[in-house]
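What follows is the residue order along each chain.
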Protein chains: 2
Amino acid sequence: MVYLGIMKQIDLTKIEGKILEYIKEHILITGIPPTLREIQKKFSYKAIGTVQDHIASLIRKGAVLREKGKARSIQPAETVTSHKRIKRIPILGQIAAGFPVLSEENIMGYVPMFSEGAYGKEIFALIVKGTSMVEAGIFDGDTAIIEKGPIAENGDIVAVSINDEVTLKEFKKDPTGAVNLIPRNSDMLPMVYSKNQNVDMKIIGKMVGLYRKYR
Amino acid sequence: MVYLGIMKQIDLTKIEGKILEYIKEHILITGIPPTLREIQKKFSYKAIGTVQDHIASLIRKGAVLREKGKARSIQPAETVTSHKRIKRIPILGQIAAGFPVLSEENIMGYVPMFSEGAYGKEIFALIVKGTSMVEAGIFDGDTAIIEKGPIAENGDIVAVSINDEVTLKEFKKDPTGAVNLIPRNSDMLPMVYSKNQNVDMKIIGKMVGLYRKYR
DNA sequence: AAATATACCATAATTATGTATGGTGTGCAA
DNA sequence: TTGCACACCATACATAATTATGGTATATTT
């Protein structure tokens, strides 16, 4: 049988589970963990000692971690150990639409993404326009997440700017050193740029993620 | 010309920029924002007033937000949720792989997503296995985000369980009332379920998002 | 019947953190 | 040369938050 009701962690009591949920929710919504008194208020406890007890128990059971004496240091164990944080990736424009300026002033929105160790790398997102990559499962309206940088390997999907137009293509360097930019659509032809050709072609970055929304 | 240097908040001074970087780094590593005194220590300031000044300036310039009186409430403006809340969607298993039990114990990870008003709806994610939806741009290894619920409209992509196997298909009800589950792969045949057929078929939910990671 | 876990209350002390006020010096533009 | 932005210092105080200690009551296990 298929169970889909989200099950509680086995070894926590009902109340401990609820407190853990609240801690997660608080971090999600406010960005910072709650204090003991905030938890106390949420559950209408008259004494703070009650919360102290529950937190102590959650720590004993390994469900949360805390640094002694530090304000707002209560955190769910999973989210701390995995070191995963959510980052908002700015959507800077539309790709393959001849967007001339991509800058902070043109931010159209944000995509949430885990920032896994990639701290410092510049990541942004672009809305895909057109059908040049349909056979790679990249559709019109999808959001492409791009890691900025001029380096690409064969097979990477890259965002390239050619004569002030930005497009998404598969990157391939052939034995002669020429760069092939391949659309993943049988109706379209690859573009080839040999080394000493005088075109303003530049790799903006490579695609590291895709996000699509239905309805 | 195409400018892609994600422009720094133009109006920050060098020191303010460094402090903002430290705040981000601290959040990334410890999970919580730093206190004024932690910033003071990091930059070896002899007076806390110095930090107060810089933070006040960062707030004035809109680079960080802070709640008055709250400990550790300094946060980079971009990562703070003003109206859109980021939710972590649990990945409960793999779809089209005959996964028998989907429960909290089987969580494989999380996908971050904006929960736009849909707070309270049960949303989860499944890793796509197989090629039955390639022509809809859903590939093997992609993460499908599913909103739980038994209702679907024609054209929706749904997660259905049939005899304890969960698969992803396009939903279509034909004039006779029979349910068509259509794989988006020309090599595969649609499944048709007429009203009074004795099969354990159940719609688990409909697909609301897709997430793909490259490399 | 005694020990243990759960779930709460009350109060005081301590330390962590934020707030307020008033300074110094330097460089740059009006 | 006056004013203003910038970068810093010193100190006192207020309040936010954690820590400590010692209770009550109930149900469950040994």
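For the structure itself, look to the data block above.
Throughout what follows, the structure given in this document is the object of discussion. (Residues numbered from 1 in each chain as written. Chains lettered and ligands numbered in written order. Predicted model: local features only at pLDDT ≥ 70, side-chain atom pairs only at ≥ 80, totals over all residues. Heavy atoms only, no water.)

**Here's the deal with the overall build of chain A**
As a reminder of what qualifies: Under the scheme used here, helices are H or I runs from DSSP no shorter than 4 residues and strands are E runs no shorter than 2 residues, and both carry numbers assigned from the N terminus. A simple rule labels every residue: compare its accessible area, found with a 1.4 Å probe on the protein chains alone, to the largest value its type can have, and call it buried under 20%, exposed over 50%, or partly exposed in between. A contact between two residues is defined here by any heavy atoms of the two lying within 4.5 Å. Here the Shrake-Rupley method, with its probe set to 1.4 Å, supplies the accessible areas, and only the displayed protein chains count as covering residues.
Looking only at helices and strands, one finds 4 helices and 11 strands in chain A. Within chain A, the proportion of its 215 residues that are buried is 46%. Within chain A, contacts between residues separated by at least 24 positions form 54% of all contacts whose residues are at least 6 apart in sequence. Surface accessibility of chain A: about 11200 Å² in total, with carbon and sulfur atoms responsible for 54%.

**Considering the protein's contact with DNA strand D**
Where we set the bar: Residues are classed as near a molecule or strand on a simple rule: at least one heavy atom within 4 Å of it. For this analysis, a polar contact is any N or O atom pair within 3.5 Å, provided that within protein one partner can donate a hydrogen and the other can accept it, and provided that sequence-adjacent residues contribute only side-chain to side-chain pairs. Think of it as three bins: nonpolar holds Ala, Val, Leu, Ile, Met, Phe, Trp, Tyr, Cys and Pro, charged holds Asp, Glu, Lys and Arg, and polar takes everything else, Gly as well.
In the region of DNA strand D, 22 residues are neighbours, and L36(A), R37(A), G69(A), Y45(B) and D53(B) sit closest. Among atoms of DNA strand D positioned within 4 Å of the protein, sugar and phosphate together represent 62%. Here L36(A) contributes a backbone N or O atom positioned 2.8 Å from a phosphate oxygen of DNA strand D. One nitrogen or oxygen atom from the side chain of Q52(A) is found 3.0 Å from a base nitrogen belonging to DNA strand D. Elements represented by at least two residues in the surface near DNA strand D include exactly α2 (36-42) and α3 (48-60) of chain A together with α3 (48-60) of chain B. Of all the elements, α3(B) adds the most residues to the surface near DNA strand D, at 4 residues. Residue classes in the surface near DNA strand D are distributed as 8 nonpolar, 7 polar and 7 charged.

**Observations regarding the protein's contact with DNA strand C**
As a structural note, the neighbourhood of DNA strand C is formed by 22 residues, with Y45(A), D53(A), R37(B), G69(B) and R72(B) the closest of them. The sugar-phosphate portion of DNA strand C accounts for 61% of its atoms within 4 Å of the protein, the bases making up the rest. Here L36(B) contributes a backbone N or O atom positioned 2.9 Å from a phosphate oxygen of DNA strand C. Here a phosphate oxygen of DNA strand C sits 2.8 Å away from a polar atom, N or O, in the side chain of R72(B). For the surface near DNA strand C, the elements supplying multiple residues, two or more each, are α3 of chain A together with α2 (36-42) and α3 of chain B. Here the element with the most residues in the surface near DNA strand C is α3(A); it accounts for 3 residues. Among the residues forming the surface near DNA strand C, the class breakdown is 7 nonpolar, 7 polar and 8 charged.

**Things to note about α3(A)**
Residues and elements named next belong to chain A. Under the convention used in this document: How far a helix is expected to stretch is found by multiplying one less than its residue total by 1.5 Å. Taken from the helix axis, the directions to the C-beta atoms give the arc we talk about.
A rise of 1.5 Å per residue sets the reference length of α3, with its 13 residues, at 18 Å; its end C-alpha atoms lie 18 Å apart and thus fit the reference within 8%. For α3, the set of buried residues is V51, H54, I55, S57 and L58. Taken end-on, α3 shows its buried residues confined to a sector of 160°, consistent with a single buried face. Those residues of α3 that are exposed and aimed more than 90 degrees away from the buried face are D53 and R60. Contacts from the buried residues of α3 go to α1 (14-30), α2 and β1 (64-65). G62, located one to two residues past α3, shows a positive phi value of around 80°.

**Describing the pattern of salt bridges**
As a reminder, the rule being used: When a carboxyl oxygen of Asp or Glu lies within 4 Å of a side-chain nitrogen of Lys or Arg, that pair is called a salt bridge.
Throughout the structure, instances matching the rule amount to 17 salt bridges over all chains. The salt bridge involving E67(B) is made with K70(B); its shortest N-O contact spans 3.5 Å. Look at E67(B) and you get partly exposed, because its relative accessible area is 42%. Overall, the relative accessible area of 26% leaves K70(B) in the partly exposed class. Among the charged side chains, a salt-bridge network with shared partners connects E38(A), R72(A), E67(B) and K70(B).

**A few points about the nonpolar core**
The nonpolar side chains of a soluble globular protein tend to be buried, and buried together. Test applied: In this text, buried Ala, Val, Leu, Ile, Met, Phe, Trp, Tyr and Cys residues form a nonpolar core when linked through side-chain atoms within 4.5 Å.
In this structure, I138(A), L168(A), I138(B) and L168(B) are the most contacted members of the largest nonpolar core, which totals 30 residues. For I138(A), the contacting residues outside a window of four places in its chain are V128(A), M133(A), I157(A), L168(A), M207(A), L210(A), R212(B) and Y214(B).

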